[in-house]
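# Geometric and topological summary
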Number of protein chains: 2
Amino acid sequence: MARKIIVIGSGAAGMTAASSARAADPAAEITMFTEDADVAYSPCVIPWAIEGKVAWGAVVMHAPEYYAKEKNITILTKTKVDGIDDAAKTVVAAGNTYRYDSLVVAAGGKVFMPPIPGTDLDGVFVVRTVSDGKKIQAAVKAANDVVVAGAGVIGLELALGLVHMGKDVTVVEMMDQVIPRIADRDMADPIQLYLEEEGVKFVMKAPVQGVNGAGKVSGVTAAGKEIPCEVVIFATGVRANLDLTSKIGLDVGRMGAVAVSPTMQPYKKGRLVPDIYVAGDMVQCYSAVTSGPTMSQLGSTAVRQGAVAGKNAAGGRAQFGGVASPWVSVIGEKQVAGTGLSTGLASWYGIDVVSGKATGLTRARYYPGAKELTVKVLADRTSHRIVGAQIVAGEEATGRIDWLTSAAVNGMTAEDFLVRSENAYCPPTSMVKDVVISAVEKLVENFKP
Amino acid sequence: MARKIIVIGSGAAGMTAASSARAADPAAEITMFTEDADVAYSPCVIPWAIEGKVAWGAVVMHAPEYYAKEKNITILTKTKVDGIDDAAKTVVAAGNTYRYDSLVVAAGGKVFMPPIPGTDLDGVFVVRTVSDGKKIQAAVKAANDVVVAGAGVIGLELALGLVHMGKDVTVVEMMDQVIPRIADRDMADPIQLYLEEEGVKFVMKAPVQGVNGAGKVSGVTAAGKEIPCEVVIFATGVRANLDLTSKIGLDVGRMGAVAVSPTMQPYKKGRLVPDIYVAGDMVQCYSAVTSGPTMSQLGSTAVRQGAVAGKNAAGGRAQFGGVASPWVSVIGEKQVAGTGLSTGLASWYGIDVVSGKATGLTRARYYPGAKELTVKVLADRTSHRIVGAQIVAGEEATGRIDWLTSAAVNGMTAEDFLVRSENAYCPPTSMVKDVVISAVEKLVENFKP
């Protein structure tokens, strides 16, 4: 009899799990439940779609019918799953009970809304789904002043897009730097400066205290002052959506997300749960650079976790390793990227880091179009292991951060990196000694007392 | 008394050795001998300088006086070293004898000229020094037909540049593919096709049999036919320059170059030679992906080897590891890159490889400006270790090949790569699952019998 696989959620983790299960078991009966109307879209592109650089139609890769036809995956959209019975191996959705042999839960995350007055007013938005994006695009049309709450990369990408659309944009951030937590201040400040030059205003060290207005938004209070605006967008980070899994008592880790094994299986009171797999933004996984737990709420991670969950759900064998969670953001003419631990995160994990930083160019000094490239690499002061890196560049940050991710995940020390790391060189694409290597040279110098 | 350090050669290896020695020992007396008139230039940029994309003035980074003033390094240009006495620790140059405490030999390579008639005619050139480049630029001004002998990356970059200058260009290549040896045929063919579309003509499987003309070049014979031309440029690869080191009996390895230890010291009859260091194109080093010897005649390698040689020559402690020798070439709108072993090279080392290849885009599918990206990854059929990779892309090949280099050098298997490798994702700079990862997925599938 065909294996019955149920997937809850149609984000990157859920969609990949379903496709991966199909690849592993051509005969399985695969059913997906999603509250969304759209499936298989790329939420990371929403800032560009709002700005109009990318058409909404292009953001959604395929309609549900495509999956039915091409992959024999049944997708029930706008369908909320009300409960899971992990003993009976069933889920209940829209009043019906569905039996499963394997279940993949990829219920995603929820945008964190601070507990302040006024967040229910007209004109308050979050950035999560295509539908959120379309609502923002419609709302800003008539607006002049927009507040973006949260100076993470999504908030910043969005803020610049709105400025390009002619809006007056203020970013309100609780911390004292942009891209807090994952970027060091000295790497984040040039991005803030660039955005200020482009016309974005910032109110820093100021949690949003309230959204004001009668029926609809008229302003936001932050740092004790009112910032008048017609639209407020919360880009305040994502928390794991535990609505379903908490009902059946799946263990929640220190990070407030479902703790999983390398097979993407959850635990109940410390014991592995058979036949259930969890993936994506609701998951707590392991760090590749500390021995601690971490969250990796990235589209790229969701895809990798989904692939493992789906394959295992279909009777295959796959594992998900520790993560360094490399990220990159394109903010106008700037690219900012990071991997592993920032100085702040390292300190949170009890790791004292030494850093090395170098600035150079993305191409040979004399080659036309060369752009500035700054690389910062962090290593543990005790072991000299590379535990993180950050890049600010005019171009080509992505491959470099993936390179540094590989070094960190493979446990290279800074000294070992200098002995065994090489860069490809051609005048139009790098300096003869890439700035990544120069940064690690500085790092090794900085170990000296 | 100040340590006397002599450096022979002013290429990337020699210049870096001198600077690295200065950094390690501020008091040393450092003297460099070079036959060249220019020092510290980037030979890799010569094709672009000939085309006029980069000014000759920009190619030379500093005049010798700069090094005298800023780094207290004495450079004797246009000065040939006639001999080394490693027992007396002296070198003889221009009739004078100079004593050294440490000697760095970075005498570089010589362009291989096939033993055929006519290579001494007017209008025959090699591509090695700034002076070669300037002579070519002057000679092609009046020429219409140019033959480039050798379809390696320098030959191809040059050929396209000459086409852009309005010349009629034929590339003559002995092997049956462009970029032979280091690129697999299926990755090289699209580059040849692109160049053909741009107007470059190819005569393949045809060694140059002779250069014809009376006093000056009138044509080239290849594959039994005459190709009329006024200029012939040999880009036929570089051999180690052993003129000096063979006189003192330094061991030459299987690759025809000076065998060195990880400290960049040469051997005599298998015994390490004290106080001499060798670096750059004349060196045989170790492969990071096989246990065999290899040569790595790249500017980036020369810089790394020079840094190790210079530091050790100055009493410091540095090591040079095995190399995967990543390379990249920008040929018009195409980038081609590689690392580690090609299928052909692997076979030469007795390694049977399995490959995986994937094609996708450099950005998210829907993001404007996305360019095609093809990645091929090779692993040893027995151990599943990643031993090489190649990329053809419209942009951003360099960082990706450096990433794959790190994976190969760290001994990752293809399976391990899928468990532990991550890519940073942002719609304008990569697909959510980078094509590199898709290629390794194919590779793992292809292991199955």
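Residues numbered from 1 in each chain as written. Chains lettered and ligands numbered in written order. Predicted model: local features only at pLDDT ≥ 70, side-chain atom pairs only at ≥ 80, totals over all residues.

### As for the overall build of chain A
Assigned secondary structure in chain A consists of 13 helices and 28 strands. Taking 2.2 N^0.38 as the reference for a compact globule, 449 residues should give roughly 22 Å; the C-alpha atoms of chain A span a radius of gyration of 23 Å, in line with that estimate. A principal-axis box enclosing the C-alpha atoms of chain A has dimensions of 65 × 60 × 40 Å. Counting only residues that meet the buried cut, chain A has 57% of its 449 residues in that class. (Helix = DSSP H or I, 4+ residues; strand = E, 2+ residues; numbered from the N terminus. Rg over C-alpha atoms; globule rule 2.2 N^0.38 Å. Buried ≥ 20, exposed ≤ 12 C-beta atoms within 10 Å, placed from the backbone.)

### What to know about the relation of the copies chain B and chain A
Mapping chain B onto chain A is achieved by rotating through 180° and translating by 0.0 Å along the same axis, at an RMSD of 0.0 Å. A rotation of that kind, with that shift, is consistent with a two-fold axis. (Least-squares fit on C-alpha atoms with pLDDT ≥ 70 in both.)

### Description of the pairing of strand 24 (residues 327-331) of chain B
Residues and elements named next belong to chain B. With 5 of its 5 residues buried, strand 24 lies for the most part within the structure. Burial of the side chains of strand 24 extends over both faces: Trp327, Ser329 and Ile331 are buried on one face and Val328 and Val330 on the other. Connecting the antiparallel pair strand 24 and strand 25 (residues 334-340) is a turn made up of 2 residues, with Gly332 showing a positive phi of about 60°. (Pairing = 2+ DSSP bridges.)

### Some thoughts on helix 9 (residues 299-313) of chain B
Residue and element names in this part refer to chain B. An ideal rise of 1.5 Å per residue puts 21 Å on 15 residues; helix 9 measures up with 20 Å between its terminal C-alpha atoms. For helix 9, the buried fraction is high: 15 of the 15 residues fall into the buried class. Backbone geometry just after helix 9 places Gly315 at a positive phi near 90°. (Expected span 1.5 Å × (residues − 1).)

### Thoughts on unusual backbone geometry
The phi angle at Lys78 of chain A is positive, at roughly 45°, despite the residue not being glycine. Along the chain, Lys78 of chain A falls in the loop between strand 3 (73-76) and strand 4 (81-85). By C-beta crowding, Lys78 of chain A is classed as exposed, having 10 other C-beta atoms within 10 Å. A positive phi is found at Met264 of chain B, a non-glycine position, where the angle reads about 70°. Summarising the element assignment, Met264 of chain B is placed in the loop between strand 18 (258-259) and strand 19 (267-268).

### A look at the domain arrangement of chain A
Here chain A is partitioned into domain 1 (4-39 + 59-109 + 239-313), domain 2 (113-236) and domain 3 (327-447). Distance from the C-alpha centre of domain 1 of chain A to the C-alpha centre of domain 2 of chain A: 31 Å. (Domains from an automatic or database assignment.)

### Some details on the environment of Ala149 of chain A
Residue and element names in this part refer to chain A. With respect to the helices and strands, Ala149 occurs in strand 10 (residues 145-149). Placed 106 residues apart in sequence, Ala149 and Met255 show a C-alpha to C-alpha distance of 22 Å. With residues up to four places along the chain from it excluded, the contact list for Ala149 reads Val172, Val208, Val232, Ile233, Phe234, Ala235 and Thr236. (Contact = placed C-beta atoms within 7 Å.)

### Section: the sheet that holds strand 15 (residues 225-228) of chain A
Residues and elements named next belong to chain A. Read across the sheet, 3 strands follow the order 13-14-15 without closing on themselves; strand pairing throughout is antiparallel. A strand with exactly one partner marks an edge of an open sheet, and here the two such strands are strand 13 (208-214) and strand 15. Going across the sheet, the axis of each strand differs from the next one's by a mean of 30°, ignoring polarity. Both strand 13 and strand 14 (residues 216-222) contribute to a ladder of 6 bridges, which runs antiparallel. Across the sheet, Val208 pairs through a bridge with Ala222, a residue of strand 14. (Axes fitted to C-alpha atoms, helices over the stretch in contact; angles between N-to-C directions.)

### Topic: the packing of helix 11 (residues 397-409) of chain A against helix 11 (residues 397-409) of chain B
Running from amino to carboxyl end, helix 11 of chain A crosses helix 11 of chain B at an angle of 10°, the nearest separation of the two axes being 7 Å. One element, helix 11 of chain A, and the other, helix 11 of chain B, form an angle in the roughly parallel class. Packed against helix 11 of chain A, whose contacting residues are Thr398, Gly399, Arg400, Asp402, Trp403, Ser406 and Ala407 of chain A, the element helix 11 of chain B presents Thr398, Gly399, Arg400, Asp402, Trp403, Ser406 and Ala407 of chain B at the interface. Residue composition of the contact of helix 11 of chain A with helix 11 of chain B, by class: 4 nonpolar, 6 polar and 4 charged. (Parallel < 35°, antiparallel > 145°, perpendicular 65-115°, else oblique. Nonpolar A, V, L, I, M, F, W, Y, C, P; charged D, E, K, R; others polar.)

### Re the interface of chain B and chain A
How big an interface is tends to be expressed through the accessible area that disappears when the partners come together. With 57 residues of chain B in contact, the opposing surface of chain A contributes 58 residues. Here the side of chain B that touches chain A gets 10 residues from one element, more than from any other, and that element is helix 11 of chain B.

### Points about the sheet that holds strand 6 (residues 96-99) of chain B
Within a sheet, adjacent strands bond to each other through the backbone by hydrogen bonds, running parallel or antiparallel. Residues and elements named next belong to chain B. Reading across the sheet, the 3 strands line up as 4-5-6 and stay open at both edges, with antiparallel pairing between neighbours. Of all strands in the sheet, those with a lone pairing partner are strand 4 (81-85) and strand 6, marking the two edges. Along the sheet, successive strands turn relative to each other by an average axial angle of 20°, direction set aside. Pairing of strand 5 (residues 90-93) with strand 6, which is carried by 4 bridges, proceeds in the antiparallel orientation. Each bridged residue has a counterpart across the sheet, and for Ala93 the counterpart in strand 6 is Asn96.

### Quick look at the pairing of strand 22 (residues 283-286) of chain B
All names here are of chain B. Bridge count for strand 18 against strand 22 is 2 bridges, and the pairing is parallel. Within the sheet, the bridge partner assigned to Val258 lies in strand 22 and is Val283. As defined by bridge partners, strand 22 adjoins strand 23 (residues 293-295) across 3 bridges and the pair is classed as antiparallel. Along strand 23, the bridge assignment pairs Cys285 with Thr294.

### Here we look at the nonpolar core
Ranked by size, the top nonpolar core spans 324 residues in total, and within it Ile233 of chain A together with Ile233 of chain B carry the most contacts. What Ile233 of chain B contacts, discounting residues up to four positions off in sequence, is Phe125, Val127, Ile136, Val146, Val148, Ala149 and Leu158 of chain B. (Core = buried A, V, L, I, M, F, W, Y, C linked by C-beta atoms within 7 Å.)

### Topic: the environment of Leu158 of chain B
Residue and element names in this part refer to chain B. Secondary-structure assignment places Leu158 in helix 6 (residues 153-164). Sequence spacing of Leu158 and Ala235 is 77 residues, and the spatial spacing of their C-alpha atoms is 9.0 Å. The residues contacting Leu158, other than those within four sequence positions of it, are Pro47, Ile50, Val127, Val148, Ile233 and Ala235.

### Regarding the packing of helix 1 (residues 12-24) of chain A against helix 9 (residues 299-313) of chain A
All names here are of chain A. At a minimum axis distance of 7 Å, the contact between helix 1 and helix 9 shows a crossing angle of 35°. The handedness of the crossing between helix 1 and helix 9 comes out as right-handed. In this structure, helix 1 contributes Ala12, Ala13, Gly14, Met15, Thr16, Ala17, Ala18, Ser19, Ser20, Ala21 and Ala24 to the contact, and helix 9 contributes Gly299, Ala302, Val303, Gln305, Gly306, Ala307, Ala309, Gly310, Lys311 and Ala313. Here the residues of the contact of helix 1 with helix 9 are counted per class, giving 12 nonpolar, 8 polar and 1 charged. (Left-handed = near helix turned anticlockwise from the far one by under 90°.)

### Brief notes about the environment of Lys201 of chain B
Residues and elements named next belong to chain B. Tracing the chain through its elements places Lys201 in strand 12 (residues 201-203). With 16 C-beta atoms counted inside 10 Å, the residue Lys201 sits in the partly exposed group. The spatial distance from the C-alpha of Lys201 to the C-alpha of Ile386 is 35 Å, given a sequence separation of 185 residues. If near-sequence neighbours (up to four positions away) are discounted, Lys201 is found in contact with Val169 and Thr170.

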